[in-house]
Amino acid sequence: QVQLVESGGGLVQPGGSLRLSCAASGSIHTTRNIGWYRQAPGKQRELVASITRGGSTNYADSVQGRFTISRDNAKNTVYLQMNSLEPEDTAVYYCNANFQYASYWGQGTQVTVSS
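Each chain has its residues counted from 1, following the order in which its sequence is written. Confidence filtering applies because this is a predicted model: local features only for residues at pLDDT of at least 70, side-chain atom pairs given and counted only at 80 or more, and all residues used for totals across whole chains, interfaces and linings. Derived side-chain values reflect all non-hydrogen atoms in the structure, with water molecules and hydrogen atoms excluded from consideration.

Colleague: Report on the sheet that holds strand 3 (residues 18-24), specifying residues and quantitative values.
Modeller: Strand order in the open sheet formed by 4 strands is 1-3-8-7, and the pairing between neighbours is antiparallel. Strands at the two margins of the open sheet, each flanked by one partner only, are strand 1 (4-7) and strand 7 (67-72). Between one strand axis and the next, the sheet turns by 15° as a mean value, whatever way the strands run. Between any two strands, pairing holds if DSSP finds at least two bridges. By definition, any uninterrupted DSSP run of H or I lasting at least four residues is a helix, any uninterrupted run of E lasting at least two residues is a strand, and each is numbered from the N terminus. To get an axis, a line is fitted to the C-alpha atoms, and for a helix only the part in contact is used. The angle between two axes follows their N-to-C directions and goes from 0 to 180 degrees.

Colleague: Can you lay out the nonpolar core for me, pointing to particular residues and giving the numbers?
Modeller: Remark: nonpolar core denotes a set of buried residues (Ala, Val, Leu, Ile, Met, Phe, Trp, Tyr, Cys) joined through side-chain atoms within 4.5 Å. Each residue is assigned to one of three classes by its accessible area relative to the maximum for its type, calculated with a 1.4 Å probe on protein chains only: buried under 20%, partly exposed between the two thresholds, exposed over 50%. With 31 residues, the main nonpolar core has L4, W36, F67, I69, L80, M82 and Y93 as its most contacted residues. For this core, the elements supplying multiple residues, two or more each, are strand 3, strand 4 (33-39), strand 5 (46-52), strand 7, strand 8 (77-82), strand 9 (91-98) and strand 11 (109-113).

Colleague: If you had to explain the state of the cysteines to someone new, which residues and values would you point to?
Modeller: Here, the term disulfide refers to a pair of cysteine sulfur atoms separated by no more than 2.5 Å. Throughout the structure, instances matching the rule amount to 1 disulfide. Put simply, C22 and C95 are joined by a disulfide, and their sulfur atoms are 2.1 Å apart. The sign of the S-S torsion, about -80°, decides the handedness of the disulfide formed by C22 and C95: left-handed. Separated by 73 residues along the polypeptide, C22 in strand 3 and C95 in strand 9 bring together distant segments of the chain. For C95, a relative accessible area of 0% translates into the label buried.

Colleague: Give a description of the side chain of S50 that names residues and reports values.
Modeller: For S50, the position within the fold is in strand 5. Note on contacts: a residue pair qualifies if any of its non-hydrogen atoms lie within 4.5 Å across the two residues. Among residues more than four places away in sequence, those in contact with S50 are I34, G35, S56, T57, N58 and I69.

The following block contains the structure:
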(Lines give C-alpha, C1' and ligand atoms only; values in the text may rest on other atoms or scores of the structure.)
Protein backbone atom coordinates (compact mmCIF):
# COMPACT_ATOMS: atom_id res chain seq x y z
CA GLN A 1 0.00 0.00 0.00
CA VAL A 2 1.32 3.40 -1.00
CA GLN A 3 -0.10 6.65 0.27
CA LEU A 4 0.11 9.79 -1.82
CA VAL A 5 -0.13 13.23 -0.25
CA GLU A 6 -0.55 16.30 -2.43
CA SER A 7 0.38 19.78 -1.28
CA GLY A 8 1.06 23.22 -2.67
CA GLY A 9 -2.40 24.24 -3.76
CA GLY A 10 -3.97 27.56 -2.92
CA LEU A 11 -5.37 30.81 -4.25
CA VAL A 12 -3.40 32.60 -6.94
CA GLN A 13 -4.10 35.47 -9.30
CA PRO A 14 -4.29 34.92 -13.06
CA GLY A 15 -0.81 34.82 -14.52
CA GLY A 16 0.66 33.53 -11.29
CA SER A 17 2.48 30.30 -10.49
CA LEU A 18 2.16 27.40 -8.10
CA ARG A 19 4.16 24.24 -7.57
CA LEU A 20 2.29 21.14 -6.48
CA SER A 21 4.02 18.26 -4.75
CA CYS A 22 2.96 14.64 -4.50
CA ALA A 23 4.83 12.80 -1.77
CA ALA A 24 4.65 9.00 -1.70
CA SER A 25 4.96 6.93 1.46
CA GLY A 26 6.95 4.34 -0.45
CA SER A 27 9.35 4.13 -3.34
CA ILE A 28 8.13 5.47 -6.67
CA HIS A 29 11.12 4.06 -8.49
CA THR A 30 9.10 1.10 -9.83
CA THR A 31 6.03 3.02 -10.94
CA ARG A 32 5.07 2.66 -14.56
CA ASN A 33 3.95 6.25 -14.60
CA ILE A 34 2.71 8.99 -12.33
CA GLY A 35 0.13 11.52 -13.36
CA TRP A 36 -1.51 14.70 -12.22
CA TYR A 37 -5.24 14.91 -12.82
CA ARG A 38 -7.72 17.65 -12.08
CA GLN A 39 -11.44 17.89 -11.59
CA ALA A 40 -13.40 21.11 -11.75
CA PRO A 41 -16.93 21.40 -10.33
CA GLY A 42 -19.42 19.70 -12.63
CA LYS A 43 -16.72 18.30 -14.89
CA GLN A 44 -15.05 14.95 -15.32
CA ARG A 45 -11.60 14.28 -13.97
CA GLU A 46 -9.01 14.86 -16.66
CA LEU A 47 -5.35 14.06 -17.11
CA VAL A 48 -3.15 17.14 -16.87
CA ALA A 49 0.34 15.67 -17.13
CA SER A 50 2.13 12.37 -16.66
CA ILE A 51 5.68 11.11 -16.41
CA THR A 52 6.96 7.59 -16.97
CA ARG A 53 9.61 5.68 -15.08
CA GLY A 54 12.03 6.62 -17.83
CA GLY A 55 11.20 10.30 -17.59
CA SER A 56 9.02 10.69 -20.68
CA THR A 57 6.33 13.30 -20.19
CA ASN A 58 2.90 13.92 -21.62
CA TYR A 59 0.69 17.00 -21.27
CA ALA A 60 -2.88 17.97 -21.97
CA ASP A 61 -3.12 20.47 -24.81
CA SER A 62 -4.61 23.04 -22.45
CA VAL A 63 -1.50 23.14 -20.26
CA GLN A 64 1.24 22.46 -22.80
CA GLY A 65 3.97 25.05 -22.44
CA ARG A 66 2.68 26.31 -19.08
CA PHE A 67 2.95 23.27 -16.80
CA THR A 68 5.96 21.05 -16.16
CA ILE A 69 5.90 17.66 -14.44
CA SER A 70 9.03 16.24 -12.84
CA ARG A 71 9.96 13.49 -10.42
CA ASP A 72 12.60 13.05 -7.74
CA ASN A 73 12.93 9.33 -7.07
CA ALA A 74 15.30 9.92 -4.17
CA LYS A 75 12.60 11.94 -2.40
CA ASN A 76 9.71 9.78 -3.67
CA THR A 77 8.08 12.97 -4.85
CA VAL A 78 6.51 14.19 -8.08
CA TYR A 79 6.06 17.86 -8.83
CA LEU A 80 3.82 19.91 -11.07
CA GLN A 81 5.12 23.39 -11.78
CA MET A 82 2.24 25.53 -13.01
CA ASN A 83 2.97 28.88 -14.62
CA SER A 84 0.76 31.46 -16.34
CA LEU A 85 -2.24 30.15 -14.48
CA GLU A 86 -5.68 30.90 -15.83
CA PRO A 87 -9.11 30.87 -14.15
CA GLU A 88 -9.86 27.75 -16.21
CA ASP A 89 -7.14 25.93 -14.27
CA THR A 90 -9.24 26.13 -11.11
CA ALA A 91 -9.86 22.58 -9.89
CA VAL A 92 -8.92 19.96 -7.35
CA TYR A 93 -5.64 18.43 -8.45
CA TYR A 94 -4.96 14.76 -7.78
CA CYS A 95 -1.84 12.65 -7.98
CA ASN A 96 -2.05 9.10 -9.36
CA ALA A 97 0.68 6.47 -9.26
CA ASN A 98 0.46 3.35 -11.40
CA PHE A 99 2.44 0.29 -10.42
CA GLN A 100 2.37 -3.02 -12.23
CA TYR A 101 -0.43 -4.47 -10.09
CA ALA A 102 -1.95 -1.47 -8.33
CA SER A 103 -2.94 2.14 -8.77
CA TYR A 104 -3.09 4.74 -6.03
CA TRP A 105 -4.66 8.17 -5.69
CA GLY A 106 -4.02 11.05 -3.36
CA GLN A 107 -6.71 13.05 -1.60
CA GLY A 108 -6.30 16.10 -3.82
CA THR A 109 -5.31 19.71 -3.36
CA GLN A 110 -7.43 22.71 -4.34
CA VAL A 111 -6.10 25.23 -6.84
CA THR A 112 -8.09 28.41 -7.31
CA VAL A 113 -7.11 31.00 -9.89
CA SER A 114 -8.98 34.23 -9.33
CA SER A 115 -8.42 37.95 -9.05
